[in-house]
Amino acid sequence: MASHGIEIRGLYKIFGPNGKAHVEAVKSGVSKAELNERHAHVLGLKDINIAMPGGCITVVMGLSGSGKSTLIRHINRLIEPTTGEVIYDGKDICRMSPSDLREFRRHKTAMVFQKFALLPHRTVMENTVYGLDIQGVPRSESTRKGQQWIERVGLAGFEKHYPNQLSGGMQQRVGLARALTNDADILLMDEAYSALDPLIRVDMQTVLLELQAELKKTVVFITHDLDEALRLGDKIAILRDGEVIQQGSGQEIVLRPADDYIASFVKEVNRGRVIQVQTVMTPATGAPGGFSLPSGTTLETAAKQMTAAGVSVAQIVGRDGNPIGQLDLTTLISAMVTPVGHEETASIAAE
Amino acid sequence: MMAICSILPDVLCSFPAVSDSYIRMARKTIDDGFRGLVRQYSHLIDAVVQPLQTFLNFLERLFVNSPWILVLAAMLAIVYLASRSRGITLGTAVGMVLIGVVGLWEDTMVTLAIVTVSTLIAIVIGLPIGIVMARSDRVQSAINPVLDVMQTLPSFVYLIPVVVIFGIGKVPGLIAVVIYAVPPMIRLTNLGIRLVDRDVLEAADAFGSSPGQKLWNVQMPLALPTIMAGINQTIMMSLAMVVVASMVGVGGLGKNTLQAINNQFFTFGFLNGFALVAIAIIFDRASQAFGKRLQKHTEVIHG
Ligand SMILES: Nc1ncnc2c1ncn2[C@@H]1O[C@H](COP(=O)(O)OP(=O)(O)O)[C@@H](O)[C@H]1O
Ligand SMILES: [Mg+2]
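Quick caveat: nothing in here was measured; it's all calculated off a predicted structure.

Details of the overall build of chain A
Right, so step 1: Counting its regular elements, chain A contains 16 helices and 13 strands.
Right, so step 2: A globule of 351 residues ought to have a C-alpha radius of gyration of about 20 Å, and chain A, at 23 Å, matches this closely.
Right, so step 3: Referenced to the eigenvectors of the C-alpha coordinate spread, the extents of chain A come out at roughly 65 × 55 × 35 Å.
Right, so step 4: The buried share among the 351 residues of chain A stands at 51%.
Right, so step 5: Partitioning the intrachain contacts of chain A with sequence separation of at least 6 by distance along the chain shows that 66% fall at a separation of at least 24.
Right, so step 6: Of the accessible surface of chain A, which amounts to about 15500 Å², a share of 51% is contributed by carbon and sulfur atoms.
Right, so step 7: Measuring between centres, the 37 positive side-chain charges of chain A sit 6 Å from its 40 negative side-chain charges.

Overview of the sheet that holds strand β6 (residues 109–112) of chain A
Neighbouring strands of a sheet are bound in pairs by backbone hydrogen bonds; such pairs are parallel or else antiparallel.
Residue and element names in this part refer to chain A.
Right, so step 1: Read across the open sheet, the six strands follow the order β6-β7-β8-β3-β9-β10; overall the sheet is mixed. The open sheet has two edge strands with one neighbour each: β6 and β10 (243–248). Here the strands of the sheet are splayed against their neighbours by 15 degrees on average, with no regard to which way each runs.
Right, so step 2: Note: β6 against strand β7 (residues 186–190), four bridges, orientation parallel. Residue pairing across strands places Ala110 opposite Leu187, the latter belonging to β7.

A look at the site of ligand 1
Residue and element names in this part refer to chain A.
Right, so step 1: Around ligand 1, a shell composed of Phe15, Lys32, Val42, Leu63, Ser64, Gly65, Ser66, Gly67, Lys68, Ser69 and Thr70 is seen.
Right, so step 2: A distance of 3.3 Å separates an oxygen atom of ligand 1 from a polar backbone atom of Ser66.
Right, so step 3: In the complex, the protein chains occlude 60% of the 570 Å² of accessible area that ligand 1 would expose alone.
Right, so step 4: Counting residues per element, the shell around ligand 1 draws most heavily on helix α3 (residues 68–75), at three residues.
Right, so step 5: Of the residues assigned to the shell around ligand 1, the class counts are three nonpolar, six polar and two charged.

Details of the side chain of Arg106 of chain A
Right, so step 1: Relative to the helices and strands, Arg106 of chain A resides in helix α4 (residues 98–108).
Right, so step 2: With relative accessibility at 12%, the residue Arg106 of chain A sits in the buried group.
Right, so step 3: A polar side-chain atom of Arg106 of chain A sits 2.8 Å from the main-chain carbonyl oxygen of Gly208 of chain B.
Right, so step 4: Setting aside residues no more than four positions away along its own chain, Arg106 of chain A makes contact with Ile134, Gln135 and Asn182 of chain A together with Phe207, Gly208, Ser209, Ser210 and Gln213 of chain B.

Observations regarding the confidence of the model for chain A
Right, so step 1: Averaged over chain A, the pLDDT score is 90; the fraction of residues at 70 or greater is 95%.
Right, so step 2: Residue range residues 342–351 of chain A is modelled with pLDDT below 50. Its contacts to residues more than four positions away, or to other chains, number ten contacts.

Regarding the interface of chain A and chain B
Right, so step 1: Every contact between the two is made by 30 residues of chain A and, on the other side, 25 residues of chain B.
Right, so step 2: The three residues of chain A that bury the most area against chain B are His121, Tyr130 and Asn164 of chain A, which together make up 26% of that side's buried surface.
Right, so step 3: Along the contact surface separating chain A from chain B lie two salt bridges.
Right, so step 4: As a salt-bridge pair, Asp199 of chain B and Lys115 of chain A come within 3.5 Å of each other at their nearest N and O atoms.
Right, so step 5: If you look at where chain A meets chain B, you find seven residue pairs in polar contact (both at pLDDT 80 or more).
Right, so step 6: Counting residues per element, the ones that place at least two in the side of chain A that touches chain B are α4, β6, α6 (130–135) and α8 (168–181) of chain A.
Right, so step 7: At four residues, α6 of chain A tops the list of elements feeding residues into the side of chain A that touches chain B.

Description of helix α10 (residues 170–194) of chain B
Right, so step 1: Across its 25 residues, α10 of chain B extends 37 Å between first and last C-alpha, which sits within 8% of the 36 Å expected from 1.5 Å per residue.
Right, so step 2: Most of α10 of chain B is tucked away: 20 of the 25 residues are buried.

Remarks on the nonpolar core
Residues and elements named next belong to chain B.
Right, so step 1: Within the largest apolar cluster, 68 residues are counted, with the highest numbers of intra-cluster contacts made by Met96 and Met241.
Right, so step 2: Sorting elements by how many residues they give to this core places helix α12 (residues 211–245) first, with 13 residues.
Right, so step 3: If we skip the residues at most four places from it in the chain, Met241 touches Ser155, Tyr158, Leu159, Ala176, Val177 and Tyr180.

Notes on the sheet that holds strand β5 (residues 91–92) of chain A
All names here are of chain A.
Right, so step 1: Pairing is antiparallel in the open sheet, where four strands are placed in the order β2-β1-β4-β5. At either end of the open sheet lies a strand with only one pairing partner, and these are β2 (42–52) and β5.
Right, so step 2: As paired elements, strand β4 (residues 83–88) and β5 share two bridges and run antiparallel to each other. Bridged to Ile87 within β5 is Asp92.
Right, so step 3: Its contacts with the sheet place helix α2 (residues 32–39) against β1 (6–15) and β2, and it is angled at close to 145 degrees to β2.

A few points about unusual backbone geometry
Right, so step 1: Even without glycine at this site, Arg77 of chain A takes up a positive phi of about 55 degrees.
Right, so step 2: As for its placement among the helices and strands, Arg77 of chain A is situated in the loop between α3 and β4.
Right, so step 3: For Arg77 of chain A, a relative accessible area of 11% puts it in the buried group.
Right, so step 4: At Arg84 of chain B, a residue that is not glycine, the phi angle is positive and equals roughly 50 degrees.
Right, so step 5: On the secondary structure map, Arg84 of chain B appears in the loop between α5 (68–83) and α6 (86–101).
Right, so step 6: Under the relative-accessibility criterion, Arg84 of chain B is labelled partly exposed at 47%.

Side note on the packing of α5 of chain B against helix α7 (residues 105–135) of chain B
Residues and elements named next belong to chain B.
Right, so step 1: The interhelical angle for the contact between α5 and α7, taken along N-to-C directions, is 45 degrees, at an axis separation of 12 Å. Between α5 and α7, the interaxial angle falls into the category oblique. Handedness of the crossing formed by α5 with α7: left-handed. Along its contact with α5, which presents Trp68, Val71, Leu72 and Met75, the element α7 presents Trp105, Met109 and Leu112.
Right, so step 2: A breakdown of the residues in the contact of α5 with α7 according to their chemical character gives seven nonpolar, no polar and no charged.

Some points on the environment of Val117 of chain B
Residue and element names in this part refer to chain B.
Right, so step 1: When you line up the elements, Val117 lands in helix α7.
Right, so step 2: For the pair formed by Val117 and Lys170, sequence separation is 53 residues and the distance between their alpha carbons is 12 Å.
Right, so step 3: Beyond its immediate chain neighbours, meaning those up to four positions away, Val117 contacts Phe55, Leu56, Leu59 and Leu174.

Cut-off values and rules
Residues numbered from 1 in each chain as written. Chains lettered and ligands numbered in written order. Predicted model: local features only at pLDDT ≥ 70, side-chain atom pairs only at ≥ 80, totals over all residues. Heavy atoms only, no water. Helix = DSSP H or I, 4+ residues; strand = E, 2+ residues; numbered from the N terminus. Rg over C-alpha atoms; globule rule 2.2 N^0.38 Å. Buried < 20%, exposed > 50% of the residue type's maximum accessible area, 1.4 Å probe, protein only. Contact = heavy atoms within 4.5 Å. Areas by Shrake-Rupley, 256 points an atom, 1.4 Å probe, with all protein chains shown as cover. Lys, Arg positive; Asp, Glu negative; His and termini not counted. Charge placed at Lys NZ, Arg CZ, Asp CG, Glu CD. Pairing = 2+ DSSP bridges. Axes fitted to C-alpha atoms, helices over the stretch in contact; angles between N-to-C directions. Near = heavy atom within 4 Å. Polar contact = N/O pair within 3.5 Å; in protein donor to acceptor, adjacent residues only side chain to side chain. Nonpolar A, V, L, I, M, F, W, Y, C, P; charged D, E, K, R; others polar. pLDDT = per-residue confidence, 0-100. Buried area = accessible area lost by both parts, 1.4 Å probe. Salt bridge = Lys/Arg side-chain N within 4 Å of Asp/Glu carboxyl O. Expected span 1.5 Å × (residues − 1). Core = buried A, V, L, I, M, F, W, Y, C linked by side-chain atoms within 4.5 Å. Parallel < 35°, antiparallel > 145°, perpendicular 65-115°, else oblique. Left-handed = near helix turned anticlockwise from the far one by under 90°.

Structure representation (structure tokens):
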């Protein structure tokens, strides 16, 4: 099953009894606060345009109240848009009939929730097969599939437990198993890990990355945590007051924050885990040969390998194996600790 | 006092009621009209009464004619299965045996039969109304005032329209009991469904549940403890109303109590009262324990 991308175009959401009437005003620049005070409507989303590539993890990041939950709920239309399109596999989800929408939700999407939202009267197994129950799949078949995913998320032996007998981290594993058992192309995760303790959270991120490497679903992951966004996101979109203020790869956002708001966010980031060697390398000078690193290696990994090998200069090789530049330890370390100046960023601009 | 009347105009002293003959005429017209209406629709009324009569008679006969030891065993089994509590089961045994010893077994069976039937009917009527109410705010705001009136009316008042339409007898009494006991069933079904966690409902939607699947997979199971509380209240109110309904011909413990009041039979009245209290406690404890058991899985143990 090849994954399809999701394309959001010109999406507006204005909460209130007559949202449509205020779209023009918002387009012509009326602010969220103004709309709220003068017209008693809440601006949820403003002119969202994001292409979420198929088979990739797209992270939507923003502070509380920035409209993340509103945005992700447009993808399975738990929230009706005011105007705009959400295109999946050539179809506009916003225009589906109720029965088409139900089929779409049953077969193409699965969702994981911040507060788990498990059914308290059903066991782990019964929760896991919920989506298949809804589709009318007989229990004999659904339990077999459910069992497989329960084991994959590390809950073997807990099939007969009820959610209230499990810790938060385990409950979210059930949430994940329930979503995966649906075998849907789109996986929607609304702050799925935000309620978990930091250590368990990193565990669960690893679980997701491992599964994704194999399943290649189109994942939309919501978070308010930049580290999480950078670790998981193939693509990151940053939301503020219902508007996308920057989108791109994690590296792009860390190296070239679109404004001071994002700059203040990325200041604290562990740059060594985000920035890749080809971004800060200098043109190759010496003869080819010696210690080499593939392009795409993060600075942290590069530093580890170079110190382990006891070299101070490494050659960077492209995907085809040909050298494309070189990197010395001094440049590497300064890139890890100081914000990169304009000269250096020019090289990614050229990419 | 008389002195004040001598200086006041007559109108302000004795209340200016419309003349007796006028009231008599109005009463006659309304009563006759009503009776005519009842006669006209007698087949419809019969259609309601007949099946109830059959059902009630069947259950009454079953309870009264079965050997007491079988009835007691069945009762204890039901109480134990519902409550899973030895204490409540033992209490039930003691209570029922005492009732039998003082010679009230048969009357108690009659009362049990009518309470059982009225509770079943109240559930059958109340559950769907509660479900519809929970689905629509408009229906809720239409039905709520009706329930408010029903719950503020003194129980005696229910008997008037029931007697006029259905006459005197067991079934009219049963109908009065049902009308009196159904409001908590409706209210708590509505409440229970409305209290279901919005996050869980959203999850059900996200997986593509149809409205029916949502109702049966999520809303009803999660509302069940609240609905059980409604059933408990309905049983308690049926028991209370069964005593009042003895005035229109319902037999059993209620009738005995009424007789005791009319004739100032102290001991007889006391024993009947004791029997009523005993079965009230049995029903209450068993149904509450059952409700608690249903709630077990929804309680949060882990944060
Ligand atoms: N049903 C609603 N009615 C009115 N305003 C809403 C509704 N849902 C969300 N909002 C508003 O939309 C904004 C974005 O909310 P949300 O998407 O939940 O943010 P986030 O998930 O990023 O914390 C907030 O200002 C919130 O108050
Ligand atoms: Mg949110």
